Structures are given as C-alpha cells and as structure tokens.
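Residues per chain, in single letters:
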Amino acid sequence: MAFMLVGAALTLLVLPPRRIVRDDGTRATRVTYSSPATELTEIVALFANWKMLLVLPAAWASNFFYTYQFNNVNGVLFTLRTKGLNNVFYWGAQMFGSAAIGYFLDFGFASRRKRGLIGVAAVAVLGTAIWGGGLANQRTYTDKDNVPGGLIDFKEGHRYAGPFLLYFSYGLMDAMFQSLIYWIIGALANDSQVLSRYVGFYKGVQSAGAAVAWQIDTHHVSLMAQFVVNWGLMTFSYPLLALLVFLAVKDEDTSVSSVEDGNEIKENKFSAPTSFH
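Residues numbered from 1 in each chain as written. Predicted model: local features only at pLDDT ≥ 70, side-chain atom pairs only at ≥ 80, totals over all residues. Heavy atoms only, no water.

Within an unreviewed UniProt entry, the label attached to the chain reads UNC93-like protein 1, and the organism entered is Eragrostis curvula. Of the comments in the UniProt record for the chain, the one headed Subcellular location (unreviewed entry) reads "Membrane". (UniProt positions renumbered as here; feature names shortened; annotations may be inferred.)

Draft legend 1. Up close: the packing of helix 5 (residues 112-138) against helix 6 (residues 158-186). Relative to each other, helix 5 and helix 6 sit at 155°, their axes nearing to 10 Å. As the angle between them shows, helix 5 and helix 6 are arranged roughly antiparallel. Crossing angle aside, the handedness with which helix 5 passes helix 6 is left-handed. The residue makeup of the contact of helix 5 with helix 6, split by class, is 15 nonpolar, seven polar and two charged. (Axes fitted to C-alpha atoms, helices over the stretch in contact; angles between N-to-C directions. Helix = DSSP H or I, 4+ residues; strand = E, 2+ residues; numbered from the N terminus. Parallel < 35°, antiparallel > 145°, perpendicular 65-115°, else oblique. Left-handed = near helix turned anticlockwise from the far one by under 90°. Nonpolar A, V, L, I, M, F, W, Y, C, P; charged D, E, K, R; others polar.)

Draft legend 2. Seen up close, the nonpolar core. By size, the foremost hydrophobic cluster in this structure holds 58 residues, and its most contacted members are Tyr170 and Phe177. Sorting the residues of this core by element identifies helix 3 (50-77), helix 4 (80-106), helix 5, helix 6, helix 7 (192-218) and helix 8 (223-248) as the ones contributing at least two each. Apart from residues no more than four positions distant in its own chain, Tyr170 is found in contact with Tyr68, Gln69, Val73, Tyr90, Ile130, Trp131, Gly134 and Phe227. (Core = buried A, V, L, I, M, F, W, Y, C linked by side-chain atoms within 4.5 Å. Buried < 20%, exposed > 50% of the residue type's maximum accessible area, 1.4 Å probe, protein only. Contact = heavy atoms within 4.5 Å.)

Draft legend 3. Local environment of the pattern of salt bridges. Under the definition given, this model contains four salt bridges. One salt bridge in this structure joins Arg197 and Glu39, with 2.7 Å as the shortest N-O distance. Placement of Arg197 in helix 7 and of Glu39 in helix 2 (residues 36-45) is noted, with a sequence separation of 158 residues between them. Its relative accessible area of 13% is what places Arg197 among the buried residues. (Salt bridge = Lys/Arg side-chain N within 4 Å of Asp/Glu carboxyl O.)

Draft legend 4. Representation of the UniProt feature "transmembrane region" (unreviewed entry) in the chain. Summarizing the sequence annotation, UniProt attributes the feature "transmembrane region" (unreviewed entry) to residues 46-68, 88-105, 117-136, 164-185 and 228-249 in the numbering used throughout. Helix makes up 100% of residues 117-136 and strand 0%, and the two end C-alpha atoms of the span are 29 Å apart. Within the segment residues 228-249, helix and strand shares are 95% and 0% respectively, and the terminal C-alpha atoms sit 31 Å apart.

Draft legend 5. Representation of a nonpolar patch on the surface within the structure. Taken together, Trp50, Leu117, Leu243, Phe246 and Leu247 make up a surface patch of nonpolar side chains, about 470 Å² in accessible area. Element by element, the count of residues in the nonpolar patch is highest for helix 8, at three residues. With respect to the helices, strands and loops of the structure, Trp50 is situated in helix 3. (Patch = residues over 30% accessible without salt bridge, like charges linked within 9 Å, V, L, I, M, F, W, Y side chains within 5 Å. Areas by Shrake-Rupley, 256 points an atom, 1.4 Å probe, with all protein chains shown as cover.)

Draft legend 6. Inspection of the environment of Ala59 at higher detail. Among the structural elements, Ala59 can be located in helix 3. Classification of Ala59 by relative accessible area gives buried; the value is 0%. Each C-alpha atom, one on Ala59 and one on Ser237, is 8.7 Å from the other, the two residues being 178 residues apart in sequence.

Put into structure tokens, the structure is as follows:
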C-alpha cells in the first residue's frame, strides 16, 4: 500500500503533454481529453459492444483461476518454504510465457489475422493439456486439511516434481492467455482512447471475476467443483476469441491520421513515421 501511494503521488510530477519539448525543438502531440460524462457514456456502451461481449468470458476467467491455483494448489499441497519457492518459479514462468507468445504473435510469418487464430489455437492446446494435468493432480486430494502423505517439501524430489511442474505450468498458461487477450484487444482499433476503454473493460471484468472466485472459496465449495469451473470458463472463451479475431482483426492497418500544431501527420503501421515540421 505504501508503494502504491508513493506511485500515485509521483504522477503529480509528470509533465503535461503541452509542456513536453523534444531535443529538436518540436513539441509533443497535443492531447484532447474527453469529459467525465463522455467517458461514462462510452464505458456503459461497451457492455453492448459485440467485440467486448466476445472478450467478456476470457476477461472473467483470466483472474478467476488465481484463487484455485494459489489457495487450493500451492496453498494446500506444500510446506511454507516450498510455497515461497514455487511462487518464484510461477512468476518466472509468467515472464517466459509472455515473452514467448508475444514474439510469436508479432513475428511476421503470416498475416495478422492468421497469427491471431494460430495464437488462440496454440494457447487452447497448451491450456487444455495443463488443465488435464491439473485434473490428475486434483484427483489425488479432496480436502484442504487432509493431503495424502502430508505436505510436500521441495527436498522430497520425485514427490515434489509433478505438483511443482503443474504449478509452474499454471504460471506459464496465465501469462500466455492474458498476453494473447491484450494482443487481440490491441488489434481491434488504432485510437488510443478507444483502446484504453477496451482495456479498462477487460481489467474491470477481470477483477470482478477474481472477487467472485475468492467468495466461492470462502464458502467452502469443493475443490473439484472449483477446478471444473475454472477449466470450463477458459475452454468456453477460446472459440469466442477465435471468432473475434476472425471478424474484427484486420490483416493490415489503414493509415492513421493525427493533428499536431495544425499540420496533419499520416503514418502507416508498416512504414517509418513522417518527420515532424
């Protein structure tokens, strides 16, 4: 909380765009801010936007599984020191997974739409395989307070390897799934204000899903039921994401126009920006 408060206070030191001057003497693009009323109207409209409705199940699922993974896998199966060690590798797997899927989606081996569809298929196959491993693991215990053989410590070797690999894979899957969603959202529009609303919608639904998942766990819903819901939510989201890519992601960007100091600047995604005058 202290770091968050300090970070919020530091934003007061950020220069407004109108005062930013580049090394060559030119000024940054003037930013036109919308009104709170406009933003409220646009945000409400997102709940009737077919693109966001296709994103909604994936957004809900993208943090929903944290409760199950953190509380009912890492939190139940391992000793305290092993939980900490596992989390190091969980977030390390996230760094690797996000870099891998990001490079794959941005590498120009095919059209953007085709890359998106292949990306959805790859994440779906990987996610299904990982949740399949999760099912095998979940069948070995049903009660948070009664793990067969006792809590697992990282020094136990063979007994530790399987659950550790599963938890590591959960981190990998999380990063690849969320990075895929961000990539798809980023390909839906060129307007930064529109994209900021799309991402805000995604993060809002994501947080709501996480809050519901925590409540489900506190009401002692069975571990297998929580597992099935998590796997089902992600599986349901894959075809909707593929449909969104097919219908809304264009293979090439059209020219994007902006205005700065009264001069129109046109830029194409695949060419170098024009010079500022």
